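So the chains spell out like this:
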Amino acid sequence: MALAKKSSPKPAPKSAAPAAAKRPVSSKDALEQKVFAALDAFQIETPSWGYADTGTRFGKFFQDAAAIDLNDKLADAGQVHRLTGACPSVAVHVLWDFKPGEDPKAVAALAAKHGVKIGAINPNLFQDQIYKYGSFANADPAARAAALEHTLYSIDLGKKLGSRIVSMWFADGVNYPGQASVRARKKRVEEGLIAAHKRLGPDQLLLIEYKPFEPAFYATDIADWGMSYLYSKKAGKKARVLVDTGHHYTAQNIEQIVAWLLDEGMLGGFHFNDRRYADDDLTLGSIDPYQAFRIFHEIHHHAFDNGGKYADIAYMIDQSHNDKSKIEATIQTVVTAQELYAKAALVDHKALAALQDKNAQLDAEELLKSAFFTDVRPALRAWRKSKGLPLDPLAAHRASGYEVAAGKERAARRKELGIVQGGSYA
Ligand SMILES: [Mn+2]
């Protein structure tokens, strides 16, 4: 070390002018341009159930500010969108959010009043007692009929609300070997999905989600992306695969699945969350931000190879904010998603392709890492400033007093209405 110090030459005097002349756009400007372009095109849908009290199967911990009804959920979603500028739509759960016979036009108007619109429609095929042994896969025709009826109702609701996506998640599965014919169940699910697909309007899409286990523990009827892919293909042209990041085994390479689905034109959307053990529904990027970055990288890379045209993907959040403030956790998620999406947009795809052609693995890997480790937060603040948004959405939310006021008002309203916090999952 001492030697190096002695022999280190005096740095040559810097002349900034020639370098600046060669580069009409400073690297900071170039970075900002990439980040701005990425964020302008990136919207993420928040889930209505993310604003309500949730918990685990062991219990719930209640929050005064948790949303009581759909109006509260839409108001909270409006607050998140006002502060982030990136969440114009809200995914809804038909059973939890809509009263039977509720006027869809009134719901759409309510959403508009709060500055948002209704996004993905999620039918509920897992809560009623009739679904004890499954919905579409159930051997009991009455259960299958109930599931289809509710799905068709949900699709019609989507049409009336101007919502594009019908998002299907099935809790169907069996707990013990021999309990049911795996192939018979497969065929029944196919039949149900084909019938549902027939009902879609011209602009609607049917997204089919998969999950390896839970609530059933022996065989889940749509256990992985391959099954979702096959079901989507059989259902019809407007069916796509939905990737919930938490619905994979720990060792699975999710970005590889994403790349395959992109290449096949079959990636419909995401349910973002993070996980450490199972389907933990933790905040996106809280455990492994590099994984979310790698997923976003595959999306940007696919667009680059596709002449700059991005795949039509619905970015949605599916998280349970059990013990975090629900609105704060949602804002944190959106900001994290924007940061990781923007970082992934910084990858130099031309340079990456050249390195990949040469099998320069170390340099290619470093190229990804240098984008991942770039601090995009100043560029994000500049983007927010350009949109008239608060520079720090979380700080602005806290300063607004929204949550304290909501907590007081909702606690009082619960008392007045005689609502005891608890009951269903959301
Ligand atoms: Mn999900």
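What counts, and where the lines are drawn
- Residues numbered from 1 in each chain as written.
- Predicted model: local features only at pLDDT ≥ 70, side-chain atom pairs only at ≥ 80, totals over all residues.
- Helix = DSSP H or I, 4+ residues; strand = E, 2+ residues; numbered from the N terminus.
- Buried ≥ 20, exposed ≤ 12 C-beta atoms within 10 Å, placed from the backbone.
- Axes fitted to C-alpha atoms, helices over the stretch in contact; angles between N-to-C directions.
- Parallel < 35°, antiparallel > 145°, perpendicular 65-115°, else oblique.
- Left-handed = near helix turned anticlockwise from the far one by under 90°.
- Contact = placed C-beta atoms within 7 Å.
- Nonpolar A, V, L, I, M, F, W, Y, C, P; charged D, E, K, R; others polar.
- Core = buried A, V, L, I, M, F, W, Y, C linked by C-beta atoms within 7 Å.
- Pairing = 2+ DSSP bridges.

A. Examining unusual backbone geometry more closely. Along the chain, Glu214 connects to Pro215 via a cis peptide bond; the corresponding omega equals 10°. The residue Pro215 is located in the loop between strand S8 (205-209) and strand S9 (219-220) in this model. With phi around 55°, Asp281 is a residue other than glycine that occupies positive phi space. With respect to the element layout, Asp281 can be found in the loop between strand S11 (267-272) and helix H11 (289-305). One non-glycine residue, Asn359, lies in positive phi territory at about 55°. Turning to its location among the elements, Asn359 is positioned in the loop between helix H13 (349-357) and helix H14 (361-372). For Asn359, a count of 7 C-beta atoms within 10 Å corresponds to the exposed category.

B. Seen up close, the packing of helix H3 (residues 27-40) against helix H15 (residues 377-386). Two elements in contact, H3 and H15, have axes whose closest approach is 9 Å; the angle formed by their N-to-C orientations is 60°. As judged from the angle between their axes, H3 and H15 are oblique. Between H3 and H15 lies a crossing whose hand is right-handed. Between H3 and H15, the contacting residues are Leu31, Glu32, Val35, Phe36 and Leu39 on the first element and Ala379, Leu380, Ala382 and Trp383 on the second. Looking at the contact of H3 with H15 residue by residue, the class counts come to eight nonpolar, no polar and one charged.

C. How the structure looks around the nonpolar core. Within the largest apolar cluster, 95 residues are counted, with the highest numbers of intra-cluster contacts made by Val35, Leu206, Ile208, Val243 and Ala342. With ten residues, the top contributor of residues to this core is helix H12 (residues 326-345). Excluding residues that lie within four positions of it along the chain, Leu206 makes contacts with Val166, Met168, Ala196, His197, Leu200, Ala235, Lys238 and Ala239.

D. Spatial organisation of the pairing of strand S6 (residues 165-168). Along S6, one buried face is formed by Ile165 and Ser167 and the opposite face, lined by Val166 and Met168, is buried too. Across four bridges, the pairing between S6 and S8 is parallel. Bridge pairing links Val166 to Leu206 in S8.

E. Just the pairing of S8, in detail. By the criterion of burial, S8 is predominantly enclosed, with five of the five residues buried. Side chains of S8 alternate between two faces, with Leu205, Leu207 and Glu209 and Leu206 and Ile208 buried alike. In terms of strand pairing, S8 meets strand S10 (residues 239-244) through four bridges, oriented parallel. Paired with Ile208 across the two strands is Val241, which belongs to S10.

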